[in-house]
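Structural overview for review
Next come the chains, spelled out residue by residue.
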Amino acid sequence: MPHSPIPLVSSPSLTLQTLSFEDTLATQGHGPLTAKSISTLQVNMGKVCNQTCHHCHVDAGPQRTESMTKATIDQILAALDQAPEISTVDITGGAPEMNPHFEYLVRQCRVRDRNVIDRCNLTVFYVKGKSHLPEFLAEHEVEIIASLPCYLEANVDQQRGKGVFNRSITALQTLNNLGYGKEGTGLRLHLVYNPLGPSLPPSQRDLEQNYKEELMSRYGIQFNRLLTITNMPISRFLDDLRESGQIDSYYTLLVNSFNNATVEDLMCRSLISVGWDGRLFDCDFNQMLELPLQNNSPQWIGDFNTATLEDRRIVVGSHCFGCTAGSGSSCGGAIA
Ligand code: SF4
Ligand code: SF4
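This one's a predicted model, so the numbers in the text were calculated from it and none came from an experiment. (Residues numbered from 1 in each chain as written. Chains lettered and ligands numbered in written order. Predicted model: local features only at pLDDT ≥ 70, side-chain atom pairs only at ≥ 80, totals over all residues. Heavy atoms only, no water.)

Moving on, we come to the site of ligand 1. The local shell around ligand 1 consists of Cys-49, Gln-51, Thr-52, Cys-53, His-55, Cys-56, Ala-60, Gly-94, Asn-121 and Arg-160. Split into classes, the residues belonging to the shell around ligand 1 amount to 4 nonpolar, 5 polar and 1 charged. (Near = heavy atom within 4 Å. Nonpolar A, V, L, I, M, F, W, Y, C, P; charged D, E, K, R; others polar.)

Before going further, it helps to examine the site of ligand 2. Around ligand 2, the structure places Met-232, Met-267, Cys-268, Cys-283, Phe-285, Asn-286, Ile-314, Val-315, His-319, Cys-320 and Cys-323. By residue class, the composition of the shell around ligand 2 is 9 nonpolar, 2 polar and no charged.

What follows deals with helix H7 (residues 164-177). For an α-helix, 3.6 residues make a turn, and residues three or four places apart therefore share a direction. The first and last C-alpha atoms of H7 sit 20 Å apart over 14 residues, in line with the 20 Å expected at 1.5 Å per residue. Restricting attention to buried positions, one finds in H7 the residues Val-164, Phe-165, Ser-168, Ile-169, Ala-171, Leu-172, Leu-175 and Asn-176. Around the axis of H7, the buried residues are gathered within 165 degrees of arc, so they sit on the same side. Packed against the buried residues of H7 are helix H5 (133-139), strand E4 (143-147), helix H6 (153-160), strand E5 (189-193) and helix H8 (204-219). Where H7 terminates, the next one or two residues include Gly-179, which has phi positive at roughly 110 degrees. (Helix = DSSP H or I, 4+ residues; strand = E, 2+ residues; numbered from the N terminus. Expected span 1.5 Å × (residues − 1). Buried < 20%, exposed > 50% of the residue type's maximum accessible area, 1.4 Å probe, protein only. Arc of directions from axis to C-beta. Contact = heavy atoms within 4.5 Å.)

Although it is not a glycine, Glu-141 sits at a positive phi angle of roughly 50 degrees. Its place among the elements puts Glu-141 in the loop between H5 and E4. Under the relative-accessibility criterion, Glu-141 is labelled partly exposed at 43%. At Glu-290, a residue that is not glycine, the phi angle is positive and equals roughly 55 degrees.

One pass over the structure, following the stated rule, counts 6 aromatic pairs. A ring pair is formed by Phe-21 and Phe-321, whose centres lie 5.2 Å apart and whose planes are at 85 degrees; its orientation type is edge-to-face. With Phe-21 in helix H2 (residues 21-27) and Phe-321 in helix H13 (residues 321-324), this residue pair connects regions lying 300 residues apart in the sequence. Here Phe-21 and Phe-321 have matching classes, each one buried. Taken together, a centroid distance of 6.4 Å and an interplanar angle of 55 degrees make the contact between Phe-102 and Phe-136 tilted. In this pair, Phe-102 is assigned in helix H4 (residues 102-111) and Phe-136 in helix H5, connecting sequence segments 34 residues apart. (Phe/Tyr/Trp six-rings, centres within 6.5 Å; stacked < 30°, edge-to-face > 60°.)

Turning to the sheet that holds strand E3 (residues 115-120), a few remarks are in order. Taken in spatial order, the 8 strands line up as E6-E5-E4-E3-E2-E1-E7-E8 in an open sheet, and their pairing is mixed. In this open sheet, the two edge strands, each paired with only one partner strand, are strand E6 (225-228) and strand E8 (280-281). With 4 bridges joining them, E4 and E5 adopt parallel strand pairing. Opposite Ala-146, over in E5, you have Leu-191 as the bridge partner. (Pairing = 2+ DSSP bridges.)

Across the 5 residues of strand E2 (residues 88-92), 5 count as buried, placing the element largely inside the fold. Bridge analysis of strand E1 (residues 40-44) against E2 gives 5 bridges, and the strand direction is parallel. Looking at E2, one finds that Val-43 is bridged to Ile-91. At this point the chain moves from E1, through helix H3 (residues 70-81), to the parallel E2, and the crossover so formed is right-handed. Bridge count for E2 against E3 is 4 bridges, and the pairing is parallel. (Right-handed = clockwise from strand over helix to strand, strands pointing away.)

Before going further, it helps to spend a moment on the packing of H3 against H4. For the pair H3 and H4, interaxial distance at closest approach is 11 Å and the crossing angle is 15 degrees. In terms of their interaxial angle, H3 and H4 are classed as roughly parallel. H3 and H4 meet at a crossing whose hand is right-handed. Contacts between H3 and H4 pair Lys-70, Ile-73, Asp-74, Ile-76, Leu-77 and Leu-80 from the former with Tyr-104, Leu-105, Gln-108 and Cys-109 from the latter. Counted by class, the contact of H3 with H4 contains 7 nonpolar, 1 polar and 2 charged residues. (Axes fitted to C-alpha atoms, helices over the stretch in contact; angles between N-to-C directions. Parallel < 35°, antiparallel > 145°, perpendicular 65-115°, else oblique. Left-handed = near helix turned anticlockwise from the far one by under 90°.)

Counting buried positions along E4 gives 5 out of 5 residues, so the element sits mostly inside the fold. Both E3 and E4 contribute to a ladder of 4 bridges, which runs parallel. Within the sheet, the bridge partner assigned to Cys-120 lies in E4 and is Ala-146. Remark: the E3/H5/E4 crossover connection has right-handed handedness.

This paragraph deals with the side chain of His-319. For His-319, the position within the fold is in the loop between helix H12 (306-309) and H13. Contacts of His-319, omitting those with residues within four sequence positions, involve Met-232, Pro-233, Ile-234, Tyr-251, Phe-285, Asn-286, Leu-289 and Leu-291.

Let's shift gears to the pattern of salt bridges. Opposite charge on two side chains permits them to pair, given that their charged atoms come into close proximity. In total, this model carries 17 salt bridges according to the counting rule given. One salt bridge in this structure joins Glu-22 and Arg-313, with 3.0 Å as the shortest N-O distance. With Glu-22 in helix H2 and Arg-313 in the loop between H12 and H13, this pair connects stretches of sequence that are 291 residues apart. Residue Arg-218 is joined to Glu-214 by a salt bridge in which the shortest nitrogen-to-oxygen separation is 2.7 Å. Separated by 4 residues within a single helix, Arg-218 and Glu-214 lie in helix H8, roughly one turn from each other. (Salt bridge = Lys/Arg side-chain N within 4 Å of Asp/Glu carboxyl O.)

So, in structure tokens, the structure goes:
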């Protein structure tokens, strides 16, 4: 997909200071970014995780304590009851399965006939008390989106921690044995790729083919789709960029790779993100940056109201260039 011909940023130090995302949209003939109808509710169940990956935009880990309460989950369910147009509940974290109410949320969403996505790190299956999760997810036909940034052990362990690769492979084989990733079972298993460093992901279609061949020949693993995601310049990945002196060059890459064709389908235009404490955001990234919804929108899930959230103006910042670079990036992978 050709990129839009915006002027090349030749001086990296000018990028952040003078080129706003909104100005770039305007230059390309777009008005301010606004939401369309809401089809996905993304629920962040907390920052607790059994891993501490280098690129984590949530800054999650075992020492974090932020975790969604059952009262907040009940408010989410009440919101679903008044919004039949929300067809998908996309559950994330941290490791969402570490939240003691994860299974309650999944069951209640399925009772309401919503598609449920679990953003799963795979190693959570080996946490004490969680070994039943693969069967639980299969029984409730939960769609699994799992991170596997490479099919090579050294690269995965470098980004996600020592031993993560081998446990991830065993977990994927367990899911395959339950029918996940196989034709005709209805149990969908997708993998997520993100670059190891400050570069854009390669072609999603080509890389998917590559992953399928390598994972089948090396480990007998099957999956449905590979989703390529750009590393967002926030949180732990931003700290890494600062430490390595690559922050300006990475922003320059994102800005210069702006792709007009991604704007129509940016994920914030069709989802609402709920924080662990019940606050509402335009997306998970705005949540991590604590950028609330524009101030005439409801701010808490308890005040959810579709009519006032559709057509809202989306709060944007320089991090948004991560979603519009190259083929684009969203929780569903490449956009364009
Ligand atoms: S990237 Fe995912 S698995 Fe890794 S620390 Fe963050 S939430 Fe946990
Ligand atoms: S970071 Fe991406 S999804 Fe979030 S508001 Fe910006 S463009 Fe939309």
